[in-house]
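These are the residues of each chain, in order.
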Amino acid sequence: MSILSNKHILLGVTGSIAGYKAADLASKLAQAGADVDVILTNAGEKFVTPLTFQSVTGRRAYTDNDLWGNEAHVLHVSFGKTADLLVIAPCTADTIAKLANGIADNLLTVTALAATCPLVIAPAMDGGMFDHPATQDNLAKLKERGAIIVGPAEGHLASGLTGTGRMVEPAEILGHIRIVLGRKGKLAGKKVVVTAGGTQEALDPVRVITNHSSGKQGYAIAQAALDSGADVCLVTAPTALTAPVGARVVKVNSAEEMLKAVLAESADALIMAAAAADFRPKNAAKDKMKKRDGIPQIELEATPDILKTVSGSPVDKKRFQVMVGFAAESQNLLENAAEKLKSKKLDFIVANDISASDAGFAVETNRVTILFANGERENLPLTSKMEVAEIIIEHTSRLLE
Ligand code: C5P
């Protein structure tokens, strides 16, 4: 179940051209399973209509008419009581000033004053307005009271100027919302290192030996760990993915570099979802190999096995209380996985059959069996990589209890 499933999120939309991006945020929240109630200010309504938000959330959107309507006496207080989080995106300098000073003159600011849930603010305004000492003081006040301020970003502003004032992208706001919702989760106060992606082993300065790993499963595990409140370090081989908001990212290329990066960390858990290479060219050419020199004979050698290195050294094993591995196999899946579980001294191993087209590399879904050190096994049906990630994190937190 996603961290956003059945969460009641209030989305305040104020008067900024970035309001069109708020529709995307509302849609992303709703798609992730949240119940999203949108409150538009009068100025917000000038940029985007309530109907836009109703269409993406499947719920009616509220405006200042509702402040004076039949439900008015209960509306602002009930919102404040039931919401899990209030996010105001975009939030203008004017609304920031009102929030900082307890002014409640529209449905959104009345709701904000009555709300006891966490408050996330994504400012959007012209560069000069953001830099103004009044805005800076107001933001400092809100931060001191516990509000989470996301952005603004630098770049092109609607005024035509360039500066700091752009609302950050919806995906990033969503990442911050997840962190706030997860901060009291099962892994709060715990640190998790996740590796992801397929390592690249150099043949020469241009060419590499790599594999089909997309990094999707590892990135999903990093996200699931963040959703549970963990402090996450994502050691990643090159991928086309955007790292989850809140993860500390360490970029590596080869298995050797991945080993170094892992040994530089100490954490409660190490989850090795990376497809680290087992072999690499013994002697990478210093210069690009030329076609005219004929087909090269490439001698391979073993890469260091990261999990074996860690589990084989008492000092390194102490760095990680729980160790989790993956076994991506095209034949004898469970036998191979059981052997790796034992030889790499893991707490559990996630075995996936890469011969199926709907599981394993690059696709969104996975079909895995989890083998535990105590002999237990759990067979999961075909499911999303995010759900697999949540189950892995669930087991990891249970082992850390
Ligand atoms: O490559 P293999 O099938 O042995 O990978 C199984 C597990 O070992 C995976 O979790 C992988 O991340 C890890 N591994 C490693 N060091 C390597 C190769 C794989 O730790 N050099």
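Residues numbered from 1 in each chain as written. Predicted model: local features only at pLDDT ≥ 70, side-chain atom pairs only at ≥ 80, totals over all residues. Heavy atoms only, no water.

(A) Quick look at the environment of His176. Position of His176 among the secondary structure elements: in helix α9 (residues 170-182). Measuring from C-alpha to C-alpha, the distance between His176 and Val192 comes to 18 Å, with 16 residues separating the pair along the chain. Setting aside residues no more than four positions away along its own chain, His176 makes contact with Val150 and Val245. (Helix = DSSP H or I, 4+ residues; strand = E, 2+ residues; numbered from the N terminus. Contact = heavy atoms within 4.5 Å.)

(B) The arrangement of the pattern of salt bridges in detail. Under the definition given, this model contains 18 salt bridges. We note a salt bridge from Arg280 to Glu301, for which the minimum N-O separation is 2.9 Å. Of the two residues, Arg280 is situated in strand β14 (residues 279-281) and Glu301 in strand β15 (residues 300-302); the sequence distance between them amounts to 21 residues. With relative accessibility at 18%, the residue Arg280 sits in the buried group. Between Lys344 and Asp305 there is a salt bridge, with its nearest N and O atoms 2.7 Å apart. In this pair, Lys344 is assigned in the loop between α14 (333-343) and β17 (348-353) and Asp305 in the loop between β15 and α12 (306-312), connecting sequence segments 39 residues apart. Note on Lys344: relative accessible area 15%, which makes it buried. Connected through shared salt-bridge partners, Asp35, Asp37 and Arg59 make up one network. (Salt bridge = Lys/Arg side-chain N within 4 Å of Asp/Glu carboxyl O. Buried < 20%, exposed > 50% of the residue type's maximum accessible area, 1.4 Å probe, protein only.)

(C) Main features of the side chain of Lys191. Locating Lys191 in the fold gives a position in strand β8 (residues 191-196). A polar side-chain atom of Lys191 sits 2.8 Å from a polar atom in the side chain of Glu265. With near-sequence residues (within four places) excluded, Lys191 lies in contact with Asp231, Arg248, Glu265, Ser266, Ala267, Asp268 and Ala269. (Polar contact = N/O pair within 3.5 Å; in protein donor to acceptor, adjacent residues only side chain to side chain.)

(D) Inspection of the environment of Gly128 at higher detail. Residue position: Gly128 is located in helix α7 (residues 127-131). Given the relative accessible area of 49%, Gly128 is considered partly exposed. Residues Gly128 and Asn366, 238 residues apart in the sequence, show an inter-C-alpha distance of 49 Å.

(E) Looking closely at the domain arrangement of the chain. Domain assignment breaks the chain into domain 1 (2-182) and domain 2 (191-400). Put simply, the middle of domain 1 and the middle of domain 2, counted by C-alpha atoms, are 38 Å apart. Facing the nine residues of domain 1 at the interface are eight residues of domain 2. Where domain 1 abuts domain 2, roughly 610 Å² becomes buried across the two surfaces, and 57% of that area is made up of carbon and sulfur atoms. Three residues stand out in domain 1 for area buried against domain 2, namely Arg178, Ile179 and Gly182, and they jointly supply 62% of the buried area on that side. Counting across the interface, domain 1 meets domain 2 through one salt bridge. (Domains from an automatic or database assignment. Buried area = accessible area lost by both parts, 1.4 Å probe.)

(F) Molecular detail of the site of the ligand. Contacts to the ligand come from 14 residues, most closely from Met272, Ala274, Phe326, Lys340 and Lys344. Ala277 places a main-chain nitrogen or oxygen 3.2 Å from a nitrogen atom of the ligand. A distance of 2.8 Å separates an oxygen atom of the ligand from a polar backbone atom of Phe326. Isolated, the ligand exposes 450 Å² of accessible area, and the fraction of that covered by the protein chains is 91%. Secondary-structure elements contributing two or more residues to the shell around the ligand are α12 and β16 (320-329). (Near = heavy atom within 4 Å. Areas by Shrake-Rupley, 256 points an atom, 1.4 Å probe, with all protein chains shown as cover.)

(G) Unusual backbone geometry, seen in detail. Between Ala89 and Pro90 the backbone carries a cis peptide bond, its omega angle lying at 0°. Here Pro90 is to be found in strand β3 (residues 85-91). The linkage connecting Gly151 with the following residue, Pro152, adopts the cis geometry, with an omega of 0°. Along the chain, Pro152 turns up in the loop between β5 (148-149) and β6 (153-156). Positive phi values are uncommon outside glycine, yet Asn6 reaches one of about 60°.

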